Amino acid sequence: MSPAHHRVRLFPLFIAVALVLALGAGVAYAINGALGLSFTPVAPAPEHPSAAPVRADVPPPAVSRIVVPDELRLTKAAAAVADALAGRGRPRPVVETAAATDPAGTLTVKVGALTGTRPEAYRITSGLTVESADLAGAAAGLYAVADRIRSGGALPIGQLVEPRLGLRLTDAGSVGREADADAYRAGTDYSLNTDVVGSALLPRAPWVDQSAVGRIGAEFRQFVDHSVAEGYNGIVVPGFLEYVTFAQVPGVYPAGDPHVDRARAMAAAFGPVFAYAHSMGLKVFFLTDMLAVSPPLERYLDGKSTEDPRLWEVYQAGLAELFDGMPFADGLMIRIGEGGDVYRQAGWDYSSKIAVTTPAAVRAMLTAFLKTAGDRGKDVIFRSWTVGVGAVGDLHTNPESYQEVLGGLHDPHLIVSTKYSAGDFYSHLPLNPTLDIGDQRRIVEFQSRREFEGFGALPNDLGSLHQEALRHFLAANPHVEGVWTWTQDGGPLKAGPMSLYLRSGFWPLYALNTYATSRLAWDPQADPAQVTADWARQTFSADPTTVAAIGEVMALSRAAVTRGLYLSAYADNSVRALGLEPPPMMWIFEWDIVTGDSAALDSIYAIARDHVDEAIAEGETAVADARRMQATLAATDPGTWTDPGLRQRFADTLAYEVNLLDTLSAYRTMVLRHAQWLDTGSASARDAWHAAETRYRTARDQHVRAYGGDVDLPAYNFTAADLGMTRADRDPVMAWLARGLLLLVLLVLVARPRAARTLADGLLRPAGLTRPGRLDRAIVLGLPVVAVVASRAMLTWFAAPAHLVVTLGGWALFVLAGRLVLGRRDAFPWYATVGAVALVRSVLLFAVLAPHGPGGYWYAFWTDPVRRSIYVTIAFALFLWLFVAAYRVLRLHAVRRWSLGVVLVAAGVALAVPAALVTSLGGERALTIWNDQVALLPWGLSRILGVTVYLGIPAYLPAAVLTVAVLLAATGGLLLTLADGHRSCHRRRL
């Protein structure tokens, strides 16, 4: 062959190589865009916790008689004062509802004595008269007197007291939730439904269990009374669709549909329950997700766009019905950012869908609801919690998005509710910048029972943090007018401690934050340290020294939590990874699940790489902080505590915190040192990793033995952590195996140059491919099989059969499908070509596994865009080359149509069978099985939100892939039929 002709023959090869490399580079570029890890330092929300000094009690006022108007709110408030005096050792005064008089020793109320003030304003005169403009002010003044007496503080004699923030909402507390020890002990119920009435539902008429209504009503009244006493003036109650019949929209519920009778029964049963809050002076808001649907309603809507006003006309009719049927309601609160089956109440067919995902849809929804609410003098509270939801996904934290969605939307009945933090209720986050802007009425959301910080099982005094947030927002935005305090809500209902606010568990520990937030909403300049002291005085001890000691414990609580549950070197950054915004905790994903996945842990290490020693020391410091808290509490005199049982619970809680933080400290050291070894190969990092692992195993075992099955102080879940640890332990072995097999492959190819030549021809020069001798032929056929199986098994630590089924099954099906189509033709060239590509891909994988095993492979994949790009480019190019090479070797002996048909049939079959398996299992289940074995993504994803939901993977994807695979195979079959391969073959048999 002449040199010129040889160059002509090589030119298409160069073009093909360049093309597959370009496509590989394109895939690498796309993956880099999707996975790109980036981070920017941020300034966490400021807080300055401190302890109040020892303060002697102020003697309580001498009151023998309390005279109030005959009104429910005032008689209850007067009773609270009487109880407080009795609690201080005074004779319990008589509460009367006679006309107001001012004899000595009488505490009186004068409604209407103040003018030009807010309705809740009050003044306490030196003659022990509570002056107010309204019943609300009179009740607030009496409850303030009771609070000061219980706290041992002085009454604000002569001061005009008005709340700085006029709207102070709570959730519904623990109303309607049951202290089911078995369910809490299991710790696996990650349901997020917060419905308070579900336990009263019956499956058929009369639809409602009246005994359950009575129990729920009693719990609701208890919670309302407590909230009013603490200074709140509004409550948010879950519910909307279950009380609505859509009677004004014919066709939603056909005649005889049980939804109608059930809704009427629910409204009749629970309307009077919720009306009690109104009678106690609380504003009542119903809370719903949008879209809220039932099966008939969903059918009626028939896929209408959420930007279509006609869809919202249906919900307007429902809202009008709700307001007209429950006139005590003051408004509706709407959330659009969460939904799905995880929020479904068992036994109900009501559910929610994430469907309001564009600015136009949000504005259409609010415009419709505000019209209905405004006509009745009601308000609509829109929660800006939209994290990750479509085009409005960053509305919660991005001022530009806030202005795009809500800018110019002015309505006196619109209130926008926003979490104080730039994200969820984690520490280490900045204050939310969207609360600095917006000319709508605004309220700030706070969480007392911090879901990501032990669900209230750990001391966690948020007073200083909440004060700093409120003062900042009030200075920045004159439209901030209220707070919404979550006393119980947030996170799964039964995956944490069985602490139910006011009813079960050590709830007084997180009740501090509810109490403090109300005090600060009334007066943002109040001293949080003294507020904590007042809480301690009311809850635990009347002894000033013991109260001060408890204050010291709580002042240390934030340091222990923010150091022990977070890695500051990572948490003090705004991070983007996997196309998402991971939270500042992440190594605990989420709540109580200590993660072991490489995506989270490698990313955390990559960000904290320059501060590993400090991050490890931070964990030890947190343990030391918890031990100081423990010692401070232990030094208090048991005889000074009001209830010895509460002292023991507090001591048990601190022992739990020490144990937990010590276990987490060992774990953080282990994972950081392992990642450091993956990054640097340092022998000292490897030794530190193994030493930390020994410590972790011991600490984890002690933690689980001590707290496993404890419903009050539950053990954290280390399943995912142990999965990751087990795989990390195999990294060195996998690295040595990769080195050994890489060397073995090279030695075999050097020792048998004829086999090496045959494989090279199959890869690049099929025209030169000839049949070698028996031994070399065995090497050509067997070496790729060994390499493929070994490399894929090693990549998954020999721990992921699901991965092997898909990958090895795909290779096998491609080879076998092609072989079957070839029929009686000589299949050796086919085997040699496919084997050559498979061998080169396996050698590439051996090479990247050789330094530090699969852990090193994934570390580079998640964190190093340069190495990731090089590997993905080459690996994907080789994947494409499989089809190019297969076509080229077939094309030597058959027409193009037949050759392409064989490749398409083989590819279609190789793709169709795994796709059919995934489709039959369901995408979520299949991904869960795979991820549980390879530990790449957080194990908790499938248990909480679902891998497909979190990553935005369409549910139809497996079926779509299967359809594509079938089309490929069918197209290939058609080409084979048209080509009439037998007659178009060259005389030489293939």
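Scroll up a little and you will see the structure.
Residues numbered from 1 in each chain as written. Predicted model: local features only at pLDDT ≥ 70, side-chain atom pairs only at ≥ 80, totals over all residues. Heavy atoms only, no water.

Focus: the pairing of strand 9 (residues 234–238)
In step 1: Burial analysis of strand 9 places five of its five residues in the buried class, which makes it a mostly covered element.
In step 2: Neither face of strand 9 is exposed, since Gly-234, Val-236 and Pro-238 on one face and Ile-235 and Val-237 on the opposite face are all buried.
In step 3: The sheet contact formed by strand 8 (residues 167–170) and strand 9 spans two bridges and is parallel. By the bridge assignment for strand 9, Leu-169 is matched with Gly-234. (Buried < 20%, exposed > 50% of the residue type's maximum accessible area, 1.4 Å probe, protein only. Helix = DSSP H or I, 4+ residues; strand = E, 2+ residues; numbered from the N terminus. Pairing = 2+ DSSP bridges.)

Quick notes on helix 28 (residues 896–921)
In step 1: Here helix 28 spans 38 Å end to end across 26 residues, near enough to the 38 Å set by a 1.5 Å rise per residue.
In step 2: Positive backbone phi, approximately 100°, marks Gly-922, located one or two places after helix 28. (Expected span 1.5 Å × (residues − 1).)

Some points on the sheet that holds strand 17 (residues 480–486)
In step 1: Strand order in the closed barrel formed by eight strands is 8-9-10-12-14-15-16-17, with parallel pairing between adjacent strands. When strand polarity is set aside, the average angle formed by the axes of neighbouring strands in this sheet is 25°.
In step 2: Where strand 15 (residues 414–419) meets strand 16 (residues 441–447), five bridges bridge the pair, whose relative direction is parallel. Considered in strand 16, the bridge of Lys-419 is made with Glu-445.
In step 3: Contacting strand 12 (331–335), strand 14 (379–383) and strand 15, helix 9 (residues 359–375) runs over the sheet at an angle of about 155° to strand 14. (Axes fitted to C-alpha atoms, helices over the stretch in contact; angles between N-to-C directions. Contact = heavy atoms within 4.5 Å.)

Observations regarding the nonpolar core
Most often, soluble globular proteins keep nonpolar side chains buried together rather than apart.
In step 1: Counting residues in hydrophobic clusters, the biggest one holds 195 residues, and the most contacted among them are Leu-565, Phe-650 and Trp-830.
In step 2: Apart from the residues lying within four places of it in its own chain, the contact partners of Leu-565 are Phe-452, Glu-453, Leu-458, Ala-560, Met-585, Trp-587, Ile-588, Leu-661, Leu-664, Arg-668 and Tyr-716.
In step 3: Judged by nonpolar contacts, the second largest core, of 113 residues, contains Phe-223, Val-228, Ile-235 and Ala-269. (Core = buried A, V, L, I, M, F, W, Y, C linked by side-chain atoms within 4.5 Å.)

Observations regarding the packing of aromatic side chains
In step 1: Counted under the stated rule, the structure contains 39 aromatic pairs.
In step 2: Between Phe-814 and Trp-830, the ring centres sit 5.4 Å apart and the planes meet at 25°, which makes this aromatic pair stacked. Taken together, the residues span a long stretch of sequence, with Phe-814 in helix 24 (residues 801–822) and Trp-830 in helix 25 (residues 828–849) at a distance of 16 residues. Trp-830 shares its class with Phe-814; the two are buried.
In step 3: Lys-419 extends its terminal NZ or CZ atom over the ring of Trp-385, reaching a point 3.5 Å from the ring centre.
In step 4: If you follow Arg-739 out to its NZ or CZ, it ends over the ring of Trp-736, 4.3 Å from the centre. (Phe/Tyr/Trp six-rings, centres within 6.5 Å; stacked < 30°, edge-to-face > 60°. Lys NZ or Arg CZ within 6 Å of the ring centre and 35° of its normal.)

Some thoughts on the packing of helix 25 against helix 26 (residues 853–863)
In step 1: Packing of helix 25 against helix 26 brings their axes to within 8 Å, and their N-to-C directions diverge by 95°. For the element pair helix 25 / helix 26, the angle class is roughly perpendicular. Along the contact surface, helix 25 presents Leu-845, Val-848 and Leu-849, while helix 26 presents Gly-853, Pro-854 and Tyr-857.
In step 2: Split by residue class, the contact of helix 25 with helix 26 holds five nonpolar, one polar and no charged. (Parallel < 35°, antiparallel > 145°, perpendicular 65-115°, else oblique. Nonpolar A, V, L, I, M, F, W, Y, C, P; charged D, E, K, R; others polar.)

Quick notes on the pattern of salt bridges
In step 1: Considering all chains together, one arrives at 50 salt bridges under this definition.
In step 2: The residue Arg-471 makes a salt bridge to Glu-468 at a minimum N-O spacing of 3.8 Å. A residue pair is termed a helical-turn pair when its members lie 3 or 4 positions apart in one helix, as Arg-471 and Glu-468 do in helix 11 (residues 463–476) at three residues.
In step 3: The exposure class of Arg-471 is partly exposed, given its relative accessible area of 32%.
In step 4: Given the relative accessible area of 17%, Glu-468 is considered buried.
In step 5: Note that Arg-697 is salt-bridged to Asp-729, the shortest N-O span being 3.2 Å. Residue Arg-697 is found in helix 19 (residues 683–707), and its partner Asp-729 is found in helix 20 (residues 719–729); the two are separated by 32 residues along the sequence.
In step 6: Judged by its relative accessible area of 32%, Arg-697 is partly exposed. (Salt bridge = Lys/Arg side-chain N within 4 Å of Asp/Glu carboxyl O.)

A short note on a nonpolar patch on the surface
In step 1: Residues Val-805, Val-806, Leu-917, Leu-921 and Ile-929 make up a contiguous nonpolar surface patch of roughly 350 Å² in combined accessible area.
In step 2: Of all the secondary structure elements, the ones that give two or more residues to the nonpolar patch are helix 24 and helix 28.
In step 3: Relative to the elements of secondary structure, Val-806 occurs in helix 24.
In step 4: On the basis of relative accessibility, which here comes to 38%, the residue Val-806 falls in the partly exposed class. (Patch = residues over 30% accessible without salt bridge, like charges linked within 9 Å, V, L, I, M, F, W, Y side chains within 5 Å. Areas by Shrake-Rupley, 256 points an atom, 1.4 Å probe, with all protein chains shown as cover.)

Focus on helix 22 (residues 753–764)
Every α-helical turn comprises 3.6 residues, leaving residues that sit three or four positions apart pointing alike.
In step 1: Helix length check: helix 22, at 12 residues, gives a terminal C-alpha distance of 16 Å against a target of 16 Å (1.5 Å per residue), a fit within 8%.
In step 2: Those residues of helix 22 that sit buried are Ala-755, Thr-758, Leu-759, Asp-761, Gly-762 and Leu-763.
In step 3: In the core, the buried residues of helix 22 are packed alongside helix 21 (731–751), helix 23 (774–795), helix 25 and helix 27 (865–891).

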